[in-house]
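Commentary on secondary and tertiary structure
Here is what each chain is made of, one letter per residue.
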Amino acid sequence: MSYGDRMSSTRSARSGERRTEILRATLEVIAERGYRGASLAAVAERVGLTQQGLLHHFPTKEALLVAVLEERDQWDAVPNSQWRLDLLGSLVEYNAMRPAIVQTFSALLGESVTEEHPARDFFTQRYVGVRESMAEVLRAEYGDRLPGGLTPERAAPLLAAVMDGLQYQWLLDPEAVDMPAAFRDFLELLAGGAPDATGSR
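It should be emphasised that the depicted structure is a prediction, and the values quoted were computed from it without experimental measurement. Along each chain, residue indices are assigned from 1 in the same order as the chain's sequence is written. Totals for whole chains, interfaces and linings use all residues, but because this is a predicted model, local features are given only for residues with pLDDT of at least 70 and pairs of side-chain atoms are given and counted only at 80 or more. Hydrogens and waters are ignored; side-chain quantities use all the structure's heavy atoms.

Focus on the overall build of the protein chain
Labels follow the DSSP assignment, with helices taken as runs of H or I lasting at least four residues and strands as runs of E lasting at least two, numbered in each case from the N terminus. Helix and strand counts for the protein chain come out as nine helices and zero strands. Residues classed as buried in the protein chain amount to 38% of the 201 residues present. Two residues qualify as a contact provided that any one of their heavy atoms is within 4.5 Å of a heavy atom in the partner residue. For the protein chain, the proportion of contacts with a sequence separation of at least 24, taken over those separated by at least 6, is 59%. Exposure is judged per residue with a 1.4 Å probe applied to protein chains only, and the accessible area is read against the type maximum: over 50% gives exposed, under 20% gives buried, and values in between give partly exposed.

Shown next, in the form of structure tokens:
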């Protein structure tokens, strides 16, 4: 490796480390101040950069928040072959313990339906992968037909919609909406059961 290549490799490694530091600082700021309070200035101050220096790595607040969501997806990632319905329930419970991140995800998701939004491609591609993963989970659990007659491919968008839709209701009224319990009820419906008032079949 030439001297120039070594220097380029070192700069690239430092840039990657700085990027990781910025993303972790952004998560801290979001946790403390919420989605709207997570300003570029607050993140820049946290990592000892000027706002202009931060813009060198992430040109807009939206780009920074999308990168945070991508990082979050990496942390939550489980190989497709290892996903199970009960693990999805655990993920919903975990999300209920980190409202600031869920708020960021939900706010960007809502905004991303507009044309030209920087998060649109992220969410479009994410849902392609989510639907495929959910179909595989359902097929592993029920085979080619769910108890109600739907194929895994037809039920997969419903499963994703319930997970994300519950997050909106929970964020708006957490006292009224028990997100993990509601998701468990939905899984009971998928299985062909009807939960009673106590939550058992």
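Notes on the nonpolar core
By convention a nonpolar core is built from buried Ala, Val, Leu, Ile, Met, Phe, Trp, Tyr and Cys residues, the set being connected through side-chain atoms within 4.5 Å. Membership of the largest hydrophobic core comes to 30 residues, with the highest contact counts inside it found for Ile22, Ile30, Val43, Leu54, Phe58, Leu64 and Phe123. For this core, the secondary-structure elements that each account for two or more residues are helix 1 (3-37), helix 2 (40-46), helix 4 (61-76), helix 6 (99-111) and helix 7 (120-142). Counting residues per element, this core draws most heavily on helix 1, which supplies seven residues. Excluding anything up to four places from it in sequence, Val43 contacts Ile22, Ala25, Thr26, Val29, Leu54 and Leu64. Formed by 25 residues, the second largest nonpolar core is a distinct cluster that contains Val130, Leu138, Val177 and Phe186.

A short note on the packing of aromatic side chains
The aromatic pairing rule takes the rings of Phe, Tyr and Trp, using the six-membered ring of Trp, and pairs them if the centres are within 6.5 Å, calling planes under 30 degrees apart stacked, those over 60 edge-to-face and the rest tilted. The full count for this structure, using the stated rule, is two aromatic pairs. On the numbers, 5.4 Å between centres and 75 degrees between planes, the contact of Phe105 with Phe123 is edge-to-face. You can see Phe105 sitting in helix 6 and its partner Phe123 sitting in helix 7, a full 18 residues away along the chain. This pair shows no difference in class: Phe105 is buried, exactly as Phe123 is. Here the aromatic rings of Phe122 and Phe123 are separated by 4.9 Å at their centres, their planes lie at 75 degrees, and the arrangement is edge-to-face.

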